[in-house]
Amino acid sequence: MLVLITYDVKTETSQGRKRLRRIARACQDFGQRVQYSVFECEVNPAQWTALRARLLSEYEESEDSLRFYFLGTNWKRRIEHCGARPATDFDDVLIV
């Protein structure tokens, strides 16, 4: 399933900046960044459980915000991209 994850982390303190980096790193471990605070993560249920728990353990509920959008398994027809920096299709051929 594809989960779109967005976050807003208060970065006025050094602790906030560290939280921001840890949340971004957690998302990068499971998906790809499509905008500064937006990630597309294609995960199975076990991976989703681990990622969600990791994110919830990192954010500060009184200062930060996490949003999860579940696009399901038939997500390719639900996404339209316009503009620069198209997302990588990991199901397509990748040349390294």
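Residues numbered from 1 in each chain as written. Predicted model: local features only at pLDDT ≥ 70, side-chain atom pairs only at ≥ 80, totals over all residues. Heavy atoms only, no water.

In the nomenclature of an unreviewed UniProt entry, the chain is known as CRISPR-associated endoribonuclease Cas2 of Ruegeria sediminis. Recorded under Cofactor (unreviewed entry), the UniProt text for the chain is reproduced unchanged: "Mg(2+)". Of the comments in the UniProt record for the chain, the one headed Sequence similarities (unreviewed entry) reads "Belongs to the CRISPR-associated endoribonuclease Cas2 protein family." (UniProt positions renumbered as here; feature names shortened; annotations may be inferred.)

Where two aromatic rings form a pair, the distance of their centres and the angle of their planes describe that pair. One pass over the full model with this rule turns up 3 aromatic pairs. When the centroid spacing of 5.0 Å and the interplanar angle of 80° are considered together, the rings of Trp48 and Phe68 count as edge-to-face. In this pair, Trp48 is assigned in helix α2 (residues 45–58) and Phe68 in strand β4 (residues 65–72), connecting sequence segments 20 residues apart. Of the residues examined, Trp48 reaches a relative accessible area of 11% and is grouped as buried. Both rings, one in Trp48 and one in Phe70, keep their centres 5.4 Å apart while their planes meet at 90°; by these two values the pair is edge-to-face. (Phe/Tyr/Trp six-rings, centres within 6.5 Å; stacked < 30°, edge-to-face > 60°. Helix = DSSP H or I, 4+ residues; strand = E, 2+ residues; numbered from the N terminus. Buried < 20%, exposed > 50% of the residue type's maximum accessible area, 1.4 Å probe, protein only.)

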